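Single-letter residue listing:
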Amino acid sequence: SICQYLIQWFSKNNEIDLSDIVGTLSDCIIYKNVSDEMRQIILNSVTEIMSNATEATLIQNSTYLMNVLVQDEASSQLVPCVLGLIPIFESWRQLAENSKFGYQEVVANIASLYLQLAIRCQEFPPNLVVYSIEQYPPFDHCETVSMTNAIFTLLQSNPNPEFLEP
């Protein structure tokens, strides 16, 4: 399949090319063109490149792919694996916050992902939920609808007053 072909390219490409590959894999998941086994392979393959990623578009696309997996009902068994990647997302958030240019979309994508994780995991760290709500409206306008829906869903299902404190 196209996903297997793309994954073979992971070890042979630079971060800009990897960004395009990860973006295409996200599209495959969105359009339901992957099996459960392939979702796991995609998660594992992207996870392998995440710890060394520094290029903004690769970080953004990797975060977006994880968000797509989390929101895909067929991938619900992968949510704990994505939760395990929070230290990487936090290192990326620090990188983004310390960079003046090029990483604003990264912050929006991480915030959007955190909101989706919080909906699915009651034990999600409240400070990361508060951080995510503070990023609204997002710099990346593509995340506006997703974040709006996630905030409403989260506050209805888990009306933690800590989420709304300044």
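Everything that follows concerns the structure shown earlier in this document.
Residues numbered from 1 in each chain as written. Predicted model: local features only at pLDDT ≥ 70, side-chain atom pairs only at ≥ 80, totals over all residues. Heavy atoms only, no water.

Caption draft 1: Fine view of helix α3 (residues 36-50). Between its terminal C-alpha atoms α3 stretches 21 Å, which fits the 21 Å expected from 15 residues at 1.5 Å a residue. Residues of α3 that are buried include every one of M38, R39, I42, L43, S45, V46, I49 and M50, and no others. Elements in contact with the buried residues of α3: α1 (2-8), α2 (15-30), α4 (56-71), α5 (79-83) and α6 (86-98). (Helix = DSSP H or I, 4+ residues; strand = E, 2+ residues; numbered from the N terminus. Expected span 1.5 Å × (residues − 1). Buried < 20%, exposed > 50% of the residue type's maximum accessible area, 1.4 Å probe, protein only. Contact = heavy atoms within 4.5 Å.)

Caption draft 2: Highlighting the pattern of salt bridges. Tallied over the full model, the rule gives five salt bridges. For D36, the salt bridge goes to R39, with nearest N and O atoms at 2.9 Å. Highlighted residues: D36 and R39, both in helix α3, separated by three residues, approximately one helical turn. Exposure remark for D36: the relative accessible area of 46% places this residue in the partly exposed category. Counted as one network, the salt bridges with shared partners bring together K32, D36, R39 and D72. (Salt bridge = Lys/Arg side-chain N within 4 Å of Asp/Glu carboxyl O.)

Caption draft 3: Region of the structure containing the packing of aromatic side chains. Here the structure, examined in full by the defined rule, presents three aromatic pairs. Relative to W9, the ring of Y5 has its centre 6.1 Å away and its plane inclined at 65 degrees; by these criteria the two rings are edge-to-face. Exposure remark for Y5: the relative accessible area of 48% places this residue in the partly exposed category. A relative accessible area of 35% means that W9 is categorised as partly exposed. When the ring of F89 is compared with that of W92, the centres are 5.8 Å apart and the planes differ by 75 degrees; the resulting orientation is edge-to-face. Taken as a pair, F89 and W92 lie in helix α6 at a separation of three residues, close to a single helical turn. For the pair shown, F89 and W92 are each scored as buried. Between the NZ or CZ atom of R93 and the centre of the ring of Y131, over which it lies, the distance is 3.9 Å. (Phe/Tyr/Trp six-rings, centres within 6.5 Å; stacked < 30°, edge-to-face > 60°. Lys NZ or Arg CZ within 6 Å of the ring centre and 35° of its normal.)

Caption draft 4: Examining a nonpolar patch on the surface more closely. A surface patch of nonpolar side chains, amounting to about 300 Å² of accessible area, comprises I30, Y31 and Y64. Assignment of secondary structure puts Y31 in the loop between α2 and α3. When its relative accessible area of 60% is taken as the criterion, Y31 is described as exposed. (Patch = residues over 30% accessible without salt bridge, like charges linked within 9 Å, V, L, I, M, F, W, Y side chains within 5 Å. Areas by Shrake-Rupley, 256 points an atom, 1.4 Å probe, with all protein chains shown as cover.)

Caption draft 5: Here's a closer look at helix α9 (residues 144-157). Between its first and last C-alpha, α9 extends 20 Å over 14 residues, near the 20 Å set by a 1.5 Å rise per residue. Within the sequence span of α9, burial applies to S146, M147, A150, I151 and L154. Taken end-on, α9 shows its buried residues confined to a sector of 130 degrees, consistent with a single buried face. Exposed positions of α9 whose direction lies more than 90 degrees from the buried face are V145, F152 and Q156. In this structure, the buried side of α9 is in contact with α4, α7 (104-120) and α8 (126-134). (Arc of directions from axis to C-beta.)

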